[in-house]
Amino acid sequence: MHSGKTILAVGSIAIDTLETPNGNRKNILGGSASYFSMAAGLLAPVKLVGVVGDDYPEEGWQMFKSRSINTDNVHIESGKTFRWGGKYSDDYTTRDTLFTELGVFEKFSPKIKKEDCTSPLVFLGNIQPDLQLAVAKLTSKAEYIVSDTMNLWIDLFPDRLDEVLSRTTIFLINHEEAQQYTGESDISNAAKKLLAAGPEIVVIKLGAEGAFLATENNEVFIPVYPVEQVLDPTGAGDSFAGGFMGYLAQTNAPDFIDAVVMGSAMASFCVEGFGLESLLLATPMLLNDRVEKIKSCLHEGVRL
Ligand code: AMP
């Protein structure tokens, strides 16, 4: 049983097909909300909001159960679960989307039990910005609303994303997407533009190079945990968010550098295996070892 604050999380629950330089996987469990909840669920109670089709496998429900994820707000509709296919380049630096089949997502309208709308922490994972907004409006009293997005939504609905940002306390985004959204290649300038759009804190993720944490008055780089071999980076961003928010759930006086360190440590498990497999092997003790390793690389005295 977890004792921390509850995190309410919305995002995709998916069946993924992956092609990587180190192997392929067909029809495996995935989705932004799945990665997020399996990561955050290691540290805090998580309530998931989403939709699946009537083809969603029993293995998925068992996975959520294994980390005590509450799925009362996950609706089962007749039709197909969201499916996504992605292919990585030889050096993993780029990823092409092979296909996106919305299935039951096409008509999804988030419904949240009244008592869950008051959850203190809310994660708006990567889904269509209007769905993120619908959840933000239902949970407007949250202490922290943390959001994420992806290139597709920046391309299609930048104005809707602006509105998501205006309701966001902490915005997590990767470097390429920050550049695409703000038009700024300089990371500090991109962070400043994002902060001006609403969030109090912006974290720009730089893959193996670490993460850049920015507030109005401070900016700091935080390194990653050095994994021996990356097999599949899918879901690393959502696992990062899960670690970051899992940390927030455990404290009343957060140090956001520590939150980023937890996010990086969590993401390091994700990339070591295909899909969710390595994240499922993480334990609080293994996580803590990686947190300490990252902290030992941080310069003394750098604190926000
Ligand atoms: P990430 O690697 O952090 O971008 O997350 C990958 C996960 O996002 C995969 O498991 C996909 O199922 C999911 N995903 C990919 N495209 C979309 C999309 N357009 N909307 C929602 N989730 C998506």
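Look above for the structure.
Worth saying up front: this structure is predicted, and the values here are computed from it rather than measured.

Observations concerning the site of the ligand
Argument step 1. Neighbouring the ligand are 18 residues; S12, D16, G31, R95 and G235 lie closest to it.
Argument step 2. Residue S12 places a side-chain N or O atom 2.8 Å away from a nitrogen atom belonging to the ligand.
Argument step 3. For the ligand, an oxygen atom lies 2.7 Å from a polar atom in the backbone of G31.
Argument step 4. Summarising the interface, the protein chains cover 92% of the accessible area of the ligand, which totals 500 Å² for the free molecule.
Argument step 5. For the shell around the ligand, the secondary structure elements donating two or more residues are strand 2 (14-20), helix 1 (32-40), strand 6 (82-88), helix 4 (151-156) and helix 8 (236-250).
Argument step 6. A breakdown of the residues in the shell around the ligand according to their chemical character gives seven nonpolar, eight polar and three charged.

Observations concerning the side chain of K205
Argument step 1. Within the fold, K205 resides in strand 11 (residues 201-205).
Argument step 2. Since its relative accessible area comes to 12%, K205 is described here as buried.
Argument step 3. Contact partners of K205, with chain neighbours within four places excluded, come to D148, L172, I173, N174, H175, G210, A211, G237 and F240.

Describing helix 1
Argument step 1. For helix 1, a buried count of nine out of nine residues is recorded, marking the element as mostly surrounded by other parts of the structure.
Argument step 2. Residues of helix 1 that are buried: S32, A33, S34, Y35, F36, S37, M38, A39 and A40.

Brief notes about the sheet that holds strand 1 (residues 7-10)
Argument step 1. The nine strands lie next to each other as 5-4-1-8-9-10-11-12-13, forming an open sheet whose pairing is mixed. Each edge of the sheet is formed by a strand with only one pairing partner; in this case those strands are strand 5 (70-77) and strand 13 (219-222). Shown here is a sheet whose adjacent strand axes are inclined to one another by a mean of 15°, direction ignored.
Argument step 2. Together, strand 4 (46-53) and strand 5 form the strand contacts of helix 2 (residues 58-66), whose direction differs from that of strand 5 by roughly 165°.
Argument step 3. Here helix 7 (residues 187-196) sits on the sheet in contact with strand 10 (170-174), strand 11, strand 12 (211-214) and strand 13, set at roughly 140° to strand 11.

Considerations on the pairing of strand 7 (residues 95-101)
Argument step 1. Bridge count between strand 6 and strand 7: six bridges; the pairing is antiparallel. Paired with G85 across the strands is F99, a residue of strand 7.
Argument step 2. Counting the residues that bridge the hairpin from strand 6 to strand 7 gives six residues, and of these Y92 lies at a positive phi of roughly 65°.

Analysis parameters
- Residues numbered from 1 in each chain as written.
- Predicted model: local features only at pLDDT ≥ 70, side-chain atom pairs only at ≥ 80, totals over all residues.
- Heavy atoms only, no water.
- Near = heavy atom within 4 Å.
- Polar contact = N/O pair within 3.5 Å; in protein donor to acceptor, adjacent residues only side chain to side chain.
- Areas by Shrake-Rupley, 256 points an atom, 1.4 Å probe, with all protein chains shown as cover.
- Helix = DSSP H or I, 4+ residues; strand = E, 2+ residues; numbered from the N terminus.
- Nonpolar A, V, L, I, M, F, W, Y, C, P; charged D, E, K, R; others polar.
- Buried < 20%, exposed > 50% of the residue type's maximum accessible area, 1.4 Å probe, protein only.
- Contact = heavy atoms within 4.5 Å.
- Pairing = 2+ DSSP bridges.
- Axes fitted to C-alpha atoms, helices over the stretch in contact; angles between N-to-C directions.

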